[in-house]
Amino acid sequence: MADSGFSGDETAPFFGFLGAAAALVFSCMGAAYGTAKSGVGVASMGVMRPELVMKSIVPVVMAGVLGIYGLIIAVIISTGINPKAKSYYLFDGYAHLSSGLACGLAGLSAGMAIGIVGDAGVRANAQQPKLFVGMILILIFAEALALYGLIVGIILSSRAGQSRAD
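All figures in this text were calculated on a predicted structure; none of them were measured in a lab. (Residues numbered from 1 in each chain as written. Predicted model: local features only at pLDDT ≥ 70, side-chain atom pairs only at ≥ 80, totals over all residues. Heavy atoms only, no water.)

Visitor: Whenever I open this one, the nonpolar core confuses me. Can you help?
Guide: Among soluble globular proteins, nonpolar side chains are generally buried collectively. Residues Leu66, Tyr69, Ile73, Ile114, Met135 and Leu139 are the most contacted members of the largest nonpolar core, which totals 25 residues. Sequence-distant contacts of Met135, defined by excluding residues within four places in its chain, comprise Val117, Gly121 and Val122. (Core = buried A, V, L, I, M, F, W, Y, C linked by side-chain atoms within 4.5 Å. Buried < 20%, exposed > 50% of the residue type's maximum accessible area, 1.4 Å probe, protein only. Contact = heavy atoms within 4.5 Å.)

Structure follows, in structure tokens:
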């Protein structure tokens, strides 16, 4: 077999790219679910109280941010995969895979929480305005779950490249 200039394990980039894809896909699935579920609540509430629609758009915006977290990790992972410039081993691929899964699945679960709380919260806020602050606090804690996934994803991704001394 001819030398292609590739150094490291030839299957390792598969796992790295899979991690980048997982981060983006799962985070965007969470963002889409949260946006759709919250949007249904905003539309339903807007029929009764149209003056509260702009105030009730907060869950939709918070759900949209989840996709950005996945994009950040996907870019970090994909820029770290260059086996012709630096050896890329299975350890590196697994580190990138786990990084993407941590961020992506945290984003998916946070999006589900934001969607459910956002839907119920904006409907309840239309009937009792005092619930707005409580809804926002619950949404912040749900968003924090995705932020934890982003932080762990960055830490795991930084471990790639530390498998062997080149």
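Visitor: Got a minute to help me understand the state of the cysteines in this structure?
Guide: One covalent bond between the sulfur atoms of two cysteine residues makes up a disulfide. The final tally for this structure, using the stated rule, is 0 disulfides. Considering cysteine sulfurs only, Cys103 is the nearest to Cys28, which forms no disulfide, with 9.9 Å between them. For Cys103, a relative accessible area of 1% puts it in the buried group. (Disulfide = S-S within 2.5 Å.)

Visitor: Sorry, what's going on with the packing of helix 2 (residues 58-79) against helix 4 (residues 132-159) here?
Guide: Each pair of packed helices can be summarised by the angle the axes make with each other and by the distance between the axes. Where helix 2 contacts helix 4, the two axes come as close as 10 Å, and the packing angle between them is 0°. One way to sum up the angle between helix 2 and helix 4 is to call them roughly parallel. Side by side, helix 2 and helix 4 meet where Val58, Pro59, Met62, Val65, Leu66, Tyr69, Ile72, Ile73, Ile76 and Ile77 of the first sit next to Ile136, Leu139, Ile140, Glu143, Ala146, Leu147, Leu150, Gly153, Ile154 and Ser157 of the second. Of the residues belonging to the contact of helix 2 with helix 4, the class tally is 17 nonpolar, 2 polar and 1 charged. (Axes fitted to C-alpha atoms, helices over the stretch in contact; angles between N-to-C directions. Helix = DSSP H or I, 4+ residues; strand = E, 2+ residues; numbered from the N terminus. Parallel < 35°, antiparallel > 145°, perpendicular 65-115°, else oblique. Nonpolar A, V, L, I, M, F, W, Y, C, P; charged D, E, K, R; others polar.)

Visitor: Sorry, what's going on with the pattern of salt bridges here?
Guide: Should their charged atoms come close, side chains of opposite charge can pair. For the coordinates displayed, the defined rule picks out 3 salt bridges. For Glu51, the salt bridge goes to Arg49, with nearest N and O atoms at 2.7 Å. Its relative accessible area of 55% is what places Glu51 among the exposed residues. For Arg49, a relative accessible area of 27% gives the class partly exposed. For Arg123, the salt bridge identified is with Asp119, shortest N-O distance 2.7 Å. Taken together, the residues Arg123 and Asp119, both in helix 3 (residues 90-127) and 4 residues apart, mark about one turn of the helix. We classify Arg123 as partly exposed; its relative accessible area is 31%. Given a relative accessible area of 11%, Asp119 falls into the buried group. Salt bridges here are not isolated pairs; linked through shared partners, they connect Lys37, Asp119 and Arg123. (Salt bridge = Lys/Arg side-chain N within 4 Å of Asp/Glu carboxyl O.)

Visitor: Please explain the environment of Met54 as it appears in this structure.
Guide: Relative to the helices and strands, Met54 resides in the loop between helix 1 (12-48) and helix 2. Classification of Met54 by relative accessible area gives exposed; the value is 66%. Separated by 24 residues in the primary sequence, Met54 and Ser78 place their C-alpha atoms 37 Å from one another.

Visitor: When you look at the packing of aromatic side chains in this model, what are you seeing that I'm missing?
Guide: Aromatic ring pairs are defined here through the distance separating the ring centres and the angle between the ring planes. Inspection of the entire model under this criterion finds 2 aromatic pairs. Ring geometry for Phe14 against Phe15: centres 5.3 Å apart, planes inclined by 75°, an arrangement best described as edge-to-face. On the basis of relative accessibility, which here comes to 53%, the residue Phe14 falls in the exposed class. Chaining the aromatic ring pairs together yields one cluster made of Phe14, Phe15 and Tyr94. The ring of Phe132 is capped by Lys55, whose NZ or CZ atom sits 4.5 Å from the centre of that ring. (Phe/Tyr/Trp six-rings, centres within 6.5 Å; stacked < 30°, edge-to-face > 60°. Lys NZ or Arg CZ within 6 Å of the ring centre and 35° of its normal.)

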